[in-house]
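Okay, here's what each chain looks like letter by letter:
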Amino acid sequence: MRRIGLTLLAAALLMWPASAGAAPDDRSLDRLVALVLERLDTADAVAAAKWVAAGELGTEPAIDDPVREATVYDAMARLGNGRDLPENWVRQVFFGQIEANKTVQRGLMLQWRFDPAAAPTAPEGLASVRPVIDRVNVEILDQLDLRRAELTAPDCAERLARSVFGVFTTGHGDALHRAALVRAAVSLCPA
């Protein structure tokens, strides 16, 4: 049942016209979507670091990092608890963020397999990217708390669609990054 709800929300985000629904100036979730986008923008650097590290070791790049992911889920759940945010919602939100990030990583690595000349050779290390992710995670929690009413309202998907399409109209990102943004945004409305 939850998967059906997420699928419908994703469809709403993809198909909802930016001008439909509430007044065009109702962009209350723009800051939250901007933070999701900022977090998602780290995926390229993470993918590059994993690609180069695997090449140096002569192994396949590992995209999944269950230990790091569990650490993020647990830390965000603890911080969310201090804001009286439901733990299952917080975990859902960060599952969506992590899966969206991995979507970009998988897409980039697939591209690099087919076009080795496009592959990175000297990326930033993960140590320089993780503080950005950690900071943005906390800011996302702050926005969940601040925008709880909008995110738990029946029109959450429509509000998110307006903010996501606002990003699309700026020309930010290619198809891979846009699909990942939709994936990340889908997780913001409580299931």
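Just above sits the structure.
To keep things clear, this report deals only with the structure shown in the data block. Every chain begins its residue count from 1, and numbering advances along the sequence as written. Owing to the predicted nature of the model, reporting of local features is limited to residues with pLDDT of at least 70; listing and counting of side-chain atom pairs is limited to 80 or more, with chain, interface and lining totals taken over all residues. By convention in this description, side-chain values take in all heavy atoms of the structure and omit both hydrogens and water.

### A look at the overall build of the protein
Point 1. Summing up its helical and strand segments, the protein has nine helices and zero strands in all.
Point 2. Type-normalised accessible area, obtained with a 1.4 Å probe on protein chains alone, sets the label of each residue: buried when under 20%, exposed when over 50%, and partly exposed for intermediate values. Within the span of the protein, comprising 191 residues, buried residues form 44% of the whole.
Point 3. Within the protein, contacts between residues separated by at least 24 positions form 86% of all contacts whose residues are at least 6 apart in sequence.
Point 4. As displayed, the protein offers around 9500 Å² of accessible surface, 60% of which is attributable to carbon and sulfur atoms. Numbered from the N terminus, helices here are DSSP runs of H or I no shorter than four residues, and strands are runs of E no shorter than two. Only heavy atoms matter for contacts: two residues are in contact if any of them lie within 4.5 Å across the pair. All accessible areas in this document rest on Shrake-Rupley with a 1.4 Å probe, and a residue is counted as covered only by the protein chains that are shown.

### Describing the packing of helix α3 (residues 43-57) against helix α6 (residues 126-146)
Point 1. It is the contact of α3 with α6, at a shortest axis distance of 10 Å, that shows an interaxial angle of 155°. Classified by the angle between their axes, α3 and α6 sit roughly antiparallel to one another. Handedness of the crossing formed by α3 with α6: left-handed. Contacts from Ala45, Val46 and Ala49 in α3 reach Leu126, Val129 and Ile133 in α6. Every angle, taken between N-to-C directions, lies between 0 and 180 degrees, and every axis is a line fitted to C-alpha atoms, over only the stretch in contact when it is a helix. Should an angle fall under 35 degrees it is taken as roughly parallel, and over 145 as roughly antiparallel, whereas 65 to 115 is taken as roughly perpendicular and any remaining angle as oblique. For any pair of crossing helices, the crossing counts as left-handed if the nearer helix is rotated counterclockwise from the farther one by less than a right angle, and right-handed if it is rotated clockwise.

### Comments concerning the environment of Leu85
Point 1. Within the secondary structure, Leu85 is located in the loop between α4 (66-81) and α5 (87-114).
Point 2. For Leu85, a relative accessible area of 5% corresponds to the buried category.
Point 3. For the pair Leu85 and Arg148, spaced 63 residues apart in sequence, the C-alpha to C-alpha distance is 8.7 Å.
Point 4. Not counting residues within four places of it along the chain, the set of residues in contact with Leu85 comprises Gly80, Val90, Leu141, Leu144, Asp145 and Arg148.

### What about α4?
Point 1. What a helix should span is 1.5 Å times the count of its residues minus one. In this model α4 runs 22 Å from its N-terminal to its C-terminal C-alpha over 16 residues, within 8% of the 22 Å that 1.5 Å per residue would give.
Point 2. All of the buried residues in α4 are Glu69, Val72, Tyr73, Met76, Ala77 and Gly80. Burial along α4 is one-sided: seen end-on, the buried residues are contained in an arc of 125°. Seen from the open side of α4, the exposed residues pointing more than 90 degrees away from its buried face are Val67, Arg78 and Asn81. The arc refers to the directions leading from the helix axis to the C-beta atoms.

### Points about the pattern of salt bridges
Point 1. Think of a salt bridge as a Lys or Arg side-chain nitrogen and an Asp or Glu carboxyl oxygen that are within 4 Å of each other. Considering all chains together, one arrives at 16 salt bridges under this definition.
Point 2. The closest approach of N and O atoms between Arg148 and Asp145, which form a salt bridge, is 2.6 Å.
Point 3. Using a relative accessible area of 26% as the deciding quantity, one classes Arg148 as partly exposed.
Point 4. Here Glu150 makes a salt bridge to Arg147, at a shortest N to O gap of 2.9 Å.
Point 5. According to the relative accessible area criterion, Arg147 is partly exposed, its value standing at 25%.

### Details of the nonpolar core
Point 1. Counting 48 residues, the largest nonpolar core has Phe94, Trp112, Ile140, Leu144, Leu151, Leu181 and Leu188 as its most contacted members.
Point 2. Mapped onto this core, the elements with two or more residues apiece are α2 (30-40), α3, α4, α5, α6, α8 (156-169) and α9 (175-186).
Point 3. Sorting elements by how many residues they give to this core places α5 first, with 10 residues.
Point 4. Leaving out residues up to four positions away in the same chain, Leu151 has contacts with Leu29, Leu32, Trp89, Gln143, Leu144, Cys156, Leu188, Cys189 and Pro190. Nonpolar cores are built from buried Ala, Val, Leu, Ile, Met, Phe, Trp, Tyr and Cys residues. Side-chain atoms within 4.5 Å join them into one set.

### Some thoughts on α2
Point 1. Buried within α2 we find Leu32, Val33, Leu35, Val36, Leu37, Arg39 and Leu40.
Point 2. Elements that come into contact with the buried residues of α2 comprise α3, α5, α6, α7 (148-152), α8 and α9.

### Points about the packing of aromatic side chains
Point 1. Pairing of aromatic rings covers Phe, Tyr and Trp, the last through its six-membered ring, and needs centres within 6.5 Å; plane angles under 30 degrees mean stacked, over 60 mean edge-to-face, and all others mean tilted. Under the criterion given, the structure shown has two aromatic pairs.
Point 2. Taken together, a centroid distance of 5.4 Å and an interplanar angle of 70° make the contact between Trp51 and Trp112 edge-to-face. Placement of the pair is Trp51 in helix α3 and Trp112 in helix α5, with a sequence separation of 61 residues.
Point 3. A relative accessible area of 8% places Trp112 in the buried class.
Point 4. The interplanar angle of 80° and the centroid separation of 5.4 Å between the aromatic rings of Phe165 and Phe168 together place this pair among those described as edge-to-face. With Phe165 and Phe168 both in helix α8 and three residues apart, this pair spans about one turn of that helix.
Point 5. Judged by its relative accessible area of 14%, Phe168 falls in the buried class.

These values are about where atoms sit, not about what they do.
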